[in-house]
Amino acid sequence: MLVVMKFGGTSVGSVAALEKVVDIVTRSRRRGDRVAVVVSAMSGVTDMLLRGACQSVQGDTETAHQLHQEMLRRHREVLDAFLSDPGVHDEVLKAIQSLLDEFDSLCHSIKVLGELTPRALDVIAGMGERMSVRQVAAVLESRGIAARAIDADRLIVTDNNFGAASPLMPQTTRRCQEILVPLLEAGIVPVVTGFIGATEEGIVTTLGRGGSDYSATILGCAIAADEVWIWTDVNGVMTADPRIVPDARTIPHLSYIEMGEMAYFGAKVLHPQAIRPAKRAGIPVRILNTFEPEHPGTLITREPDGGDKRVKAVTAIRGLSLMVIEGSGMLGVPGVAARAFGAVARTGTNVLMISQSSSEQSICFVVPTHDAPRVLAALREEMERELERQDIENITAQDNIVILTVVGAGMRGTPGIASKVFGALGRERINVIAIAQGSSEYNISIVVDQRDADNAVRALHAEFGLGTNAVDPATAVSPSAM
Ligand code: ADP
Ligand code: ASP
Ligand code: MG
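Values in this document were obtained by computation on a predicted structure and should not be read as measured data.

Caption draft 1: How the structure looks around the site of ligand 2. Around ligand 2, the structure places Ser40, Thr46, Glu129, Phe195, Arg209, Gly210, Gly211 and Ser212. Residue serine 40 places a side-chain N or O atom 3.1 Å away from an oxygen atom belonging to ligand 2. Contacts to ligand 2 include arginine 209, whose side-chain N or O atom sits 2.6 Å from an oxygen atom. Isolated, ligand 2 exposes 260 Å² of accessible area, and the fraction of that covered by the protein chains is 85%.

Below, the structure written as structure tokens:
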């Protein structure tokens, strides 16, 4: 079997974790698999790089310098533990040091210029993965696995949408066939940087935060892998974020559509775009736990699970603002919504959810809070005349908003889901600010205040019987039957 295995930040973030990685790759190779590895930066490193860059533009390069030392220490600890050959140890250390020196000099330039462009930010953000591949390839080699570090700017060709680039698959496939396939055929494990790519001109881009998952499925598709395995720090995709809902359970099987919706609506366990290449190519994706490798985790394929669990998971996206356009003069006037969304689109903002009251007195939609001021300005400009005439009374932005979503293919055509959602939230006295149902009927989304978000997730999780503490209706014995 040809498998692409992606190891996330925690999975490559310590000596103990890397021991697990070595075991996992070794076992797979013993089974006769050919393995391509994709790695993230060590946990916390991407945040450190970005913090260093952001401080530098404020004139402070001291922070970047301190972070440089911290990143060097983290990597050196791993090299010291694995690389007993002093020649190899020093060679890898030097490579990592030279990347960190480049980080320093980029931060210095940013300070001098007083400007941090999205393009420069992508170069800096991707340095953690560049350090990581050199380290992981050396670690595998130290345990007798032939491995080769590869920077994905040679492999993944993208558009120039810095910070959230999209792959150009024909070019990417060509490069991967040329560079990765011969290595795999020679029994060498390519260890590829997650998260980064480059434009056709060779300018470095990134695929967005958490983008190493996306790298793995892009590469899986490009080399026609049999499966893509995402190794992380939880037992697969769960019914809710286990940090918020302690009794969340692993979902054994999800369809691509369900996983896509969950990721889009905030399940951080997978990058929102990552499922797309796998879905297109029909490649099964598994989400597995590096720290509990025997656990079967979650399998994601085309077919939804035959089970009749209507709701499979509850997700939440934070850091959002609710934009509201209201006014009785909008009643029956055609084109207001089109103009509003046209204005929003020109700001390049992603609208996560839309809801219009049936009386047509208000339109509301949700955007990321960091885009809200720009969106507000664009809407006020577009609707200047209507505001003057008071056809539109108000355009406002409410911050500290969370979208909660209940997801599941079995919800389709099942009545009563919305009333259960409202019932559960009502009992917890949680105010529902807005609601929308995806036209696919695979999800219902509810907007609540950030203060209520965790309680609301737990309430919905319990209401739909998703947790380990829940009584499974299929096996419950009713008192009258006893
Ligand atoms: P990695 O570094 O391996 O990519 P991430 O931190 O990006 O790992 O994603 C894994 C984390 O996603 C988990 O530790 C968990 O807290 C969080 N998470 C959020 N929602 C879910 C969910 N529904 N199922 C599993 N994990 C989730
Ligand atoms: N290191 C990158 C991030 O922290 C990409 C990833 O981990 O997937 O966003
Ligand atoms: Mg991740």
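Caption draft 2: Representation of the confidence of the model for the protein chain. Here the protein chain shows a mean pLDDT of 92. Residues at 70 or above account for 94%. Counted against residues more than four places away or in other chains, residues 472-482, with its pLDDT under 50, gives three contacts.

Caption draft 3: Inspection of the site of ligand 1 at higher detail. Around ligand 1 sit 17 residues in total, of which Thr232, Asp233, Met238, Arg243 and Lys268 are the nearest. Contact distances for ligand 1 include 3.0 Å between an oxygen atom and a side-chain N or O atom of lysine 6. In the model, an oxygen atom of ligand 1 is placed 3.1 Å from a nitrogen or oxygen of the glycine 9 main chain. In isolation ligand 1 offers 580 Å² of accessible surface; the protein chains occlude 89% of this area. Across the shell around ligand 1, the residue classes break down as eight nonpolar, four polar and five charged.

Caption draft 4: Spatial organisation of the sheet that holds strand S16 (residues 443-449). Taken in spatial order, the six strands make up an open sheet running S12-S13-S11-S14-S16-S15, and their pairing is antiparallel. In this open sheet, the two edge strands, each paired with only one partner strand, are strand S12 (353-356) and strand S15 (434-437). Geometrically, the sheet is characterised by an average inter-axis angle of 30° between neighbouring strands, direction not taken into account. Relative to S16, strand S14 (residues 394-407) is paired through seven bridges, and the arrangement is antiparallel.

Caption draft 5: Summary view of the environment of serine 43. Topologically, serine 43 is positioned in the loop between strand S2 (34-39) and helix H2 (45-57). Residue classification places serine 43 among the partly exposed residues on the basis of a relative accessible area of 29%. Linking serine 43 and alanine 377, residues 334 residues apart in sequence, is a C-alpha distance of 37 Å. Setting aside its immediate chain neighbours within four residues, serine 43 contacts Gly9, Thr10, Gly13 and Arg74.

Caption draft 6: Examining the sheet that holds strand S7 (residues 227-232) more closely. Taken in spatial order, the eight strands make up an open sheet running S3-S4-S2-S1-S7-S9-S10-S8, and their pairing is mixed. Pairing within the sheet leaves two strands with one partner each, and these edge strands are strand S3 (147-150) and strand S8 (253-255). Taken pair by pair, the neighbouring strands of this sheet meet at an average axis angle of 20°, ignoring direction. Inspection of the sheet shows strand S1 (residues 2-7) paired to S7 by five bridges, in the parallel sense. In the sheet register, phenylalanine 7 faces S7, and the bridge partner there is tryptophan 231. Those strands touched by helix H8 (residues 212-222) are S1, S2, strand S4 (189-193), S7 and strand S9 (285-289), and its axis lies near 170° from that of S1. Lying on the sheet, helix H9 (residues 256-264) is in contact with S8 and strand S10 (298-301); it crosses S8 at an angle near 85°.

Caption draft 7: Up close: the packing of aromatic side chains. Considering all chains together, one arrives at four aromatic pairs under this definition. Relative to tryptophan 231, the ring of tryptophan 229 has its centre 6.2 Å away and its plane inclined at 65°; by these criteria the two rings are edge-to-face. Seen in terms of ring centroids, phenylalanine 341 and phenylalanine 365 are 5.0 Å apart; in terms of plane orientation they differ by 55°. Their pairing is tilted. With phenylalanine 341 in helix H11 (residues 336-346) and phenylalanine 365 in strand S13 (residues 362-368), the pair connects residues that are 24 residues apart, well separated along the chain. Judged by its relative accessible area of 0%, phenylalanine 365 is buried.

Caption draft 8: Quick look at the nonpolar core. The biggest cluster of nonpolar side chains holds 51 residues, and the ones touching the most others in it are Leu155, Ile223, Met259 and Met262. Broken down by secondary-structure element, the contributors of at least two residues to this core are S1, S2, helix H7 (169-185), H8, S7, H9, helix H10 (275-281) and S9. Tallying contributions element by element places H7 first for this core, with seven residues. Setting aside anything within four residues of it in sequence, one finds methionine 259 in contact with Val237, Leu254, Val269, Leu270, Ile275 and Ile300. Formed by 50 residues, the second largest nonpolar core is a distinct cluster that contains Leu18, Val35, Ala137 and Ala147.

About the thresholds
- Residues numbered from 1 in each chain as written.
- Chains lettered and ligands numbered in written order.
- Predicted model: local features only at pLDDT ≥ 70, side-chain atom pairs only at ≥ 80, totals over all residues.
- Heavy atoms only, no water.
- Near = heavy atom within 4 Å.
- Polar contact = N/O pair within 3.5 Å; in protein donor to acceptor, adjacent residues only side chain to side chain.
- Areas by Shrake-Rupley, 256 points an atom, 1.4 Å probe, with all protein chains shown as cover.
- pLDDT = per-residue confidence, 0-100.
- Contact = heavy atoms within 4.5 Å.
- Nonpolar A, V, L, I, M, F, W, Y, C, P; charged D, E, K, R; others polar.
- Pairing = 2+ DSSP bridges.
- Helix = DSSP H or I, 4+ residues; strand = E, 2+ residues; numbered from the N terminus.
- Axes fitted to C-alpha atoms, helices over the stretch in contact; angles between N-to-C directions.
- Buried < 20%, exposed > 50% of the residue type's maximum accessible area, 1.4 Å probe, protein only.
- Phe/Tyr/Trp six-rings, centres within 6.5 Å; stacked < 30°, edge-to-face > 60°.
- Core = buried A, V, L, I, M, F, W, Y, C linked by side-chain atoms within 4.5 Å.

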